[in-house]
Amino acid sequence: LHFLWESERIRTRAFQCFVLNCLLFLGSQALMEYAIMPIIANLLRHSPMTVHMQQPVQRLLSLLYQLLWVFPAYFISFLVSCSWYEEIASRTYALHFGKRKEAAPNFVSFVIVLRDEAWRFLLTYGLLLQTYALLYFVPYVGGLLHVISLAWYWSFFCFEYTWALHGWTIEERVAALEERWLYLAGFGLPLALLSVSLSTFVGYGIIAFVFPLFVVLATISEPRMHTPSRWLPSRLPLFHLPKRLGLLVVRTLNRRIKPPGAAAPIAATASASAATVDRQTRLEHTRARPHHE
């Protein structure tokens, strides 16, 4: 609330998130489900169509609504909201930490940012695939593991704005999540519960509305590392499988587009990034082993 009061820009973006995601996106779905579709169903009942013909017509109209409005509105609102979240995080960061010094852009820095963003995309969506794999392929406890993994997924998105503003590399962000896994599981749990408790698009609309609050909280909070024990390891390799999947994708694409004899900088960079995090993980496990025993 303090940052909402201090910054008109944060208030404006938060209000725009409410208008876009609650009033327009969720409001249009409620209007379709509770007003338009019942009117259409009533008109069809009074038409010469038989009952067997009315149901396919209603399903077709619902499908057209999903394809022509819901899916396009979802992607557009997602892209617009992400730009607003970034602006909210930047403004909150400036109010809390002071203005960040930015280096003059050049071609090399642009290439590095582009490379890191591509690797980040592979890692985050690999983490999302891992989250749903737990739900569908792990019996008995898969649902619980799915919720916990979703909490880490949402926490990563919340804190990544601040970590990026700190100037952290993608490897440092991954390490931060894996080292503070207990704190971040609790931080992202409310968003994870919203994700699994509501339907896909309704859940998205509500999460997109409250997400600015979590971005502000992530910007001003300091996630601490817990005290490791036998049952609470100092670090969880949450990105182990996403890294392997990302490397597989990079190497596959590199083989297809690389001219014969050309270097493979992207695959080499991804391999180096994964190897760096793996070395850090093994080192920390080695240091932590006497403590556990």
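Residues numbered from 1 in each chain as written. Predicted model: local features only at pLDDT ≥ 70, side-chain atom pairs only at ≥ 80, totals over all residues. Heavy atoms only, no water.

**Considering the pattern of salt bridges**
What counts here: Salt bridges are defined as contacts in which a side-chain nitrogen from Lys or Arg sits within 4 Å of a carboxyl oxygen from Asp or Glu. A run of H or I in DSSP counts as a helix once it spans at least four residues, and a run of E counts as a strand once it spans at least two, with each numbered from the N terminus. Under the scheme applied here, a residue whose accessible area is under 20% of the maximum for its type counts as buried, over 50% as exposed, and between as partly exposed, the area being computed with a 1.4 Å probe on protein chains only.
Here the structure, examined in full by the defined rule, presents eight salt bridges. Glu-87 is the partner of Arg-9 in a salt bridge, and the nearest nitrogen-oxygen pair spans 2.5 Å. With Arg-9 in helix H2 (residues 8–45) and Glu-87 in helix H3 (residues 51–97), this residue pair connects regions lying 78 residues apart in the sequence. Residue Glu-87 is classed as partly exposed on the basis of its relative accessible area, which comes to 22%. In this structure, the salt-bridge partner of Arg-173 is Glu-160, at a minimum N-O distance of 3.1 Å. Note that Arg-173 is positioned in helix H6 (residues 170–179) and Glu-160 in helix H5 (residues 142–165), a separation of 13 residues in sequence. Relative accessible area serves as the criterion here: at 11%, Arg-173 is assigned to the buried category. By sharing partners, the salt bridges in this structure join Glu-117, Arg-120, Glu-160 and Arg-173 into a single network.

**So, the nonpolar core**
The following threshold applies: Put simply, buried Ala, Val, Leu, Ile, Met, Phe, Trp, Tyr and Cys residues joined by side-chain atoms within 4.5 Å make one nonpolar core. Residue contacts are defined here by distance: any two heavy atoms, one from each residue, within 4.5 Å place the two residues in contact.
By size, the foremost hydrophobic cluster in this structure holds 52 residues, and its most contacted members are Cys-158, Phe-211 and Phe-239. For this core, the secondary-structure elements that each account for two or more residues are H2, H3, helix H4 (107–137), H5, H6, helix H7 (181–197), helix H8 (200–220) and helix H9 (240–257). No other element matches the twelve residues that H5 contributes to this core. For Phe-239, the residues in contact, after removing those within four places along its chain, are Leu-123, Leu-127, Phe-156, Val-174, Leu-177 and Glu-178.

**Quick look at the packing of H3 against H5**
For any two helices packed against each other, one specifies the inter-axial angle together with the distance between the axes. What counts is decided by this rule: Axes, fitted as lines to C-alpha atoms, cover a helix only where it is in contact. Angles between the N-to-C directions of the axes lie from 0 to 180 degrees. Note that the term roughly parallel is reserved for angles under 35 degrees, roughly antiparallel for angles over 145, roughly perpendicular for angles of 65 to 115, and oblique for everything else. Two helices that cross are described as forming a left-handed crossing if the nearer one is turned anticlockwise from the farther one by less than a right angle, and a right-handed crossing if clockwise. Note on residue classes: Ala, Val, Leu, Ile, Met, Phe, Trp, Tyr, Cys and Pro are nonpolar, Asp, Glu, Lys and Arg are charged, and everything else, Gly too, is polar.
At a closest axis distance of 10 Å, the pairing of H3 and H5 adopts a crossing angle of 55°. When the axes of H3 and H5 are compared, the pair comes out oblique. Our pair here, H3 against H5, has a crossing hand that is right-handed. In this structure, H3 uses Cys-82, Tyr-85, Glu-86, Ala-89, Ser-90 and Tyr-93 to contact H5, whose residues at the interface are Tyr-161, Thr-162 and Leu-165. The residue makeup of the contact of H3 with H5, split by class, is six nonpolar, two polar and one charged.

**Examining the packing of H2 against H8**
The geometry of H2 relative to H8 is characterised by a closest axis approach of 8 Å and an angle of 165° between their N-to-C directions. Taken together, H2 and H8 sit at an angle that is classed as roughly antiparallel. Considering how the two elements wind past one another, H2 and H8 form a crossing that is left-handed. The segment H2 lies against H8, with Cys-17, Phe-18, Asn-21, Cys-22, Phe-25, Leu-26 and Gln-29 engaging Phe-201, Val-202, Tyr-204, Gly-205, Ile-206, Ala-208, Phe-209 and Pro-212.

**Structural notes on the side chain of Ser-77**
This is how the line gets drawn: Each polar contact in these results corresponds to two N or O atoms within 3.5 Å; when the atoms are within protein, one needs to be able to donate a hydrogen and the other to accept it, and residues that are neighboring in sequence are counted only if both atoms are side-chain atoms.
When you line up the elements, Ser-77 lands in helix H3. Given a relative accessible area of 2%, Ser-77 falls into the buried group. Among the polar contacts made by the side chain of Ser-77, one reaches the side chain of Tyr-204 at a distance of 3.0 Å. In contact with Ser-77, other than residues within four places in its own chain, are Leu-20, Asn-21 and Tyr-204.

**Describing the environment of Leu-213**
Examined against the element boundaries, Leu-213 turns out to sit in helix H8. Spatially, the C-alpha atom of Leu-213 lies 10.0 Å from that of Ala-89, the residues being 124 residues apart in sequence.

**Focus on H5**
Definition in use: What a helix should span is 1.5 Å times the count of its residues minus one. Note that bend, as reported per residue, equals the angle between axes fitted to the 7 residues terminating at that residue and the 7 residues originating from it.
When the terminal C-alpha atoms of H5 are compared, their 35 Å separation across 24 residues agrees well with the 34 Å that a helix rising 1.5 Å per residue should span. For H5, the principal kink sits at Phe-159 and spans about 40°. Of all 24 residues making up H5, 19 are buried, and the element is well covered by its neighbours. Once H5 finishes, Gly-167 follows within two positions and takes phi at roughly 90°, a positive value.

**Comments concerning the packing of aromatic side chains**
Note the cut-off: Centres within 6.5 Å make a pair out of two Phe, Tyr or Trp rings, where for Trp the six-membered ring is used; the pair is then stacked when the planes are under 30 degrees apart, edge-to-face when over 60, and tilted otherwise.
Summed over the entire model, instances satisfying the criterion amount to 21 aromatic pairs. When the ring of Phe-25 is compared with that of Tyr-204, the centres are 5.5 Å apart and the planes differ by 90°; the resulting orientation is edge-to-face. With Phe-25 in helix H2 and Tyr-204 in helix H8, this pair connects stretches of sequence that are 179 residues apart. For the pair Phe-25 and Tyr-204, one class covers both residues: buried. Site record: aromatic cluster; members linked through ring pairs are Phe-156, Phe-159, Trp-163, Trp-168, Phe-187, Phe-214 and Phe-239.

Interpretation in functional terms is not warranted from these geometric data alone.
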